[in-house]
Amino acid sequence: MNKLNKFLFVFIFIFFLCLDVFAVSVKEYIKVGIGSANAPITVGCDKKYYFVSNGKQVMLSAGKITVTPETNTAVIGNKRYKLPIKFVSEKNCLLVNNKIYRGTITVSSKGGKINIINELKFEDYLKGILPKEASASWNTEALKTQAVISRTYAAKNIGRHAKEGFDVCSTVHCQVYGGGSCENKKCNLAIHDTASEVILYKNALAQTLFHAACGGYTDDPKYVWGWKQETPEYLRGKKDKYCGGNPHSNWTSEVPESFIREKLIAAGYKVGTINKISYSGKTSGKAAKDVIISHSKGKLKLNAYTFRLTVDAFKIKSTMFSSIKKSKNKFVFSGHGWGHKVGLCQWGAKAMGDKKISYRKILDYYYPGTNIGKISYGK
């Protein structure tokens, strides 16, 4: 092989390698389930708009209307229309129960449930996420970091709610989404400055898990969700030298015994009056593996993360306990961090950004072995 052919071979190899890296494609529009319609809802616009039902278009003047959903139909004014009903505005902006949403709104029926679905451009969807998943007061690099991981997480999890007729929900199950009402200029700029950027691992979208504060150590998902597959290198737990001195570094919470007992019973666990709660085992991230509940009917051993979610993930901020003590009819939990501790630590990312460390280096620190690529938007 002569020098010219070698050069062409290397050039073509690198060219196609780059194509692989940048060949990740997602739909230009995403469908977000923003709630269930168990009662009448209001839809409106300050310009003319319309809705489509059963192939027929009905024009509406500027203002609000009330939509009263039933099983397969909805009443608007004094007329009944077949679901789904899709609302469209030339302004590309609608009000639903006085909250602003970009794109279109559809009221649909699926499996006996009435869903309200917001369909909008993928990048516009991120504008309703960033102020909810991070603080607009944070530094620019931390916001850029969140923009990239939220974009990646959304792209990776599209179709998670396909059986319900939409792609993702608007809660912590997917990502918290507040629509146009929560948009912030600083957050929007972070999205613009990282447009289309995602995190890739072995030329595929990474699972960019993140949490508020790790308490000084991130954790392996096998301890949290019982993953059986091998943990990819970018999600393995490690010591985090940047997570410290934040509002969640140390916390204490008092939870009534009756509250814990009622939550456990509601989840299907047969427990009596709780006398003691202890924890055993340690994960690689210094969190408890299990929680042991001693009660009047015996003992119950639960995965610590399962216990936290069952009782209350806000009252019990993490499973990185320092102590669990009983005080009269309450249990006093003390610990470090907030969240599941897997993947990127948001307060750690903020601390790095405060030190003028770039978002690319922040992402490399929390997701080692990954690289930044781009997604293309198609139909």
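The text that follows walks through the structure, step by step, so that each part is easy to find.

As for the packing of aromatic side chains
Then comes step 1: By the definition in use, this model includes 18 aromatic pairs.
Then comes step 2: Seen in terms of ring centroids, F314 and W338 are 5.9 Å apart; in terms of plane orientation they differ by 75°. Their pairing is edge-to-face. Placement of the pair is F314 in the loop between α8 (304–311) and β22 (321–327) and W338 in the loop between β23 (330–335) and β24 (344–345), with a sequence separation of 24 residues.
Then comes step 3: Since its relative accessible area comes to 24%, W338 is described here as partly exposed.
Then comes step 4: Counting every residue linked through ring pairs, the aromatic cluster contains Y101, F122, Y125, Y177 and Y377.
Then comes step 5: The side chain of K286 reaches across the aromatic face of Y217, ending 5.4 Å from its centre.
Then comes step 6: It is K317 that lies over the ring of W338; its NZ or CZ is 4.9 Å from the centre.

Brief notes about the sheet that holds strand β13 (residues 113–121)
Neighbouring strands of a sheet are bound in pairs by backbone hydrogen bonds; such pairs are parallel or else antiparallel.
Then comes step 1: In spatial order, the strands read β5-β4-β9-β12-β13-β2-β14; together these 7 strands make up an open sheet with mixed pairing. On the outer flanks of this sheet lie β5 (56–60) and β14 (168–169), each paired with one strand and no other.
Then comes step 2: Sheet topology places strand β9 (residues 85–89) next to strand β12 (residues 104–110); 3 bridges connect them, and they run antiparallel. What sits directly across from F87, in β12, is I105.

Overview of the nonpolar core
Then comes step 1: Formed by 53 residues in total, the largest nonpolar core has its most connected members in F87 and Y125.
Then comes step 2: Counting residues per element, this core draws most heavily on helix α4 (residues 140–156), which supplies 5 residues.
Then comes step 3: Those residues in contact with Y125 that lie beyond four places of it in its chain are I30, V32, L120, A154, V168, Q175 and Y177.
Then comes step 4: Core analysis: the next-biggest nonpolar cluster, separate from the first, contains 28 residues, A206, L209, Y305 and I362 among them.

Concerning the sheet that holds strand β20 (residues 288–295)
Then comes step 1: Strand order across the open sheet formed by 3 strands is β19-β20-β21, with antiparallel pairing between neighbours. Every interior strand has two partners, whereas the edge strands, β19 (274–282) and β21 (298–303), have only one. Direction aside, neighbouring strands of the sheet carry axes that sit 20° apart on average.
Then comes step 2: Sheet topology places β19 next to β20; 7 bridges connect them, and they run antiparallel. Counterpart to S280 in the pairing with β20 is D290.
Then comes step 3: Across the sheet, helix α7 (residues 257–266) lies against β19, β20 and β21, angled at about 70° from β19, the strand it touches most.

Observations regarding the pattern of salt bridges
When their charged atoms lie close together, side chains carrying opposite charge are able to pair.
Then comes step 1: One pass over the full model with this rule turns up 17 salt bridges.
Then comes step 2: Between R151 and E123 there is a salt bridge, with its nearest N and O atoms 2.9 Å apart. Within this pair, whereas R151 is found in helix α4, its partner E123 is found in helix α2 (residues 122–127), the two being separated by 28 residues in sequence.
Then comes step 3: The class for R151 is buried, based on a relative accessible area of 0%.
Then comes step 4: Among the residues examined, E123 registers a relative accessible area of 18% and is labelled buried.
Then comes step 5: K127 is paired through a salt bridge with D124; the nearest N and O atoms lie 3.1 Å apart. Linking K127 with D124, this pair stays in helix α2, spanning 3 residues, or about one helical turn.
Then comes step 6: You can call K127 buried: its relative accessible area is 18%.
Then comes step 7: D124 sits in the buried class, given a relative accessible area of 12%.
Then comes step 8: Connected through salt bridges with shared partners, the residues R102, D124, K127 and E183 form a single ionic network.

Quick look at the packing of helix α9 (residues 346–354) against helix α10 (residues 359–366)
Then comes step 1: Running from N to C, α9 and α10 point in directions that differ by 140°, and their axes come no closer than 10 Å. Classified by the angle between their axes, α9 and α10 sit oblique to one another. The handedness of the crossing between α9 and α10 comes out as right-handed. Within the contact between the two elements, α9 uses G348, A349, M352 and G353 and α10 uses K361, I362, Y365 and Y366.

Re the pairing of strand β11 (residues 99–102)
Then comes step 1: Pairing of strand β10 (residues 93–96) with β11, which is carried by 4 bridges, proceeds in the antiparallel orientation. Among the inter-strand pairings, L95 is bridged to a residue of β11, identified as I100.
Then comes step 2: Between β10 and β11, which follow one another and run antiparallel, lie 2 residues, and N97 among them has a positive phi close to 50°.

Criteria and thresholds
- Throughout, a residue's number is its position along its own chain's written sequence, starting from 1.
- Reporting of local features is limited, given that this is a predicted model, to residues whose pLDDT is at least 70; pairs of side-chain atoms are given and counted only at 80 or more, and all residues count toward the totals for whole chains, interfaces and linings.
- Water and hydrogen atoms were dropped before computing side-chain values, which therefore reflect all heavy atoms in the structure.
- Under the pairing criterion, centres of Phe, Tyr and Trp rings, with the six-membered ring standing for Trp, must be within 6.5 Å; the plane angle then separates stacked pairs below 30 degrees from edge-to-face pairs above 60, leaving the rest tilted.
- Strands here mean DSSP runs of E at least two residues long; helices mean DSSP runs of H or I at least four residues long; both are numbered from the N terminus.
- Throughout, exposure labels follow a simple rule: accessible area from a 1.4 Å probe, protein chains only, divided by the maximum for the residue type, with under 20% read as buried, over 50% as exposed, and the rest as partly exposed.
- Only when the NZ of Lys or the CZ of Arg is both within 6 Å of the ring centre and within 35 degrees of the ring normal is a charge said to sit over the ring.
- At least two bridges found by DSSP between two strands is the condition for calling them paired.
- In this description, a nonpolar core means a group of buried Ala, Val, Leu, Ile, Met, Phe, Trp, Tyr and Cys residues linked to one another through side-chain atoms lying within 4.5 Å.
- Whether two residues touch is decided by their heavy atoms; if any such pair falls within 4.5 Å, the residues are in contact.
- Between N-to-C directions, angles cover 0 to 180 degrees, with each direction set by a line fitted to C-alpha atoms, over the stretch in contact for helices.
- Note on definitions: salt bridges are taken to be side-chain nitrogens of Lys or Arg within 4 Å of carboxyl oxygens of Asp or Glu.
- Roughly parallel means an angle under 35 degrees; roughly antiparallel means over 145; roughly perpendicular covers 65 to 115; every other angle is labelled oblique.
- Less than a right angle of anticlockwise turn of the near helix away from the far helix marks a crossing as left-handed, whereas a clockwise turn marks it as right-handed.

Note that all results are geometric; they support no functional claim without further evidence.
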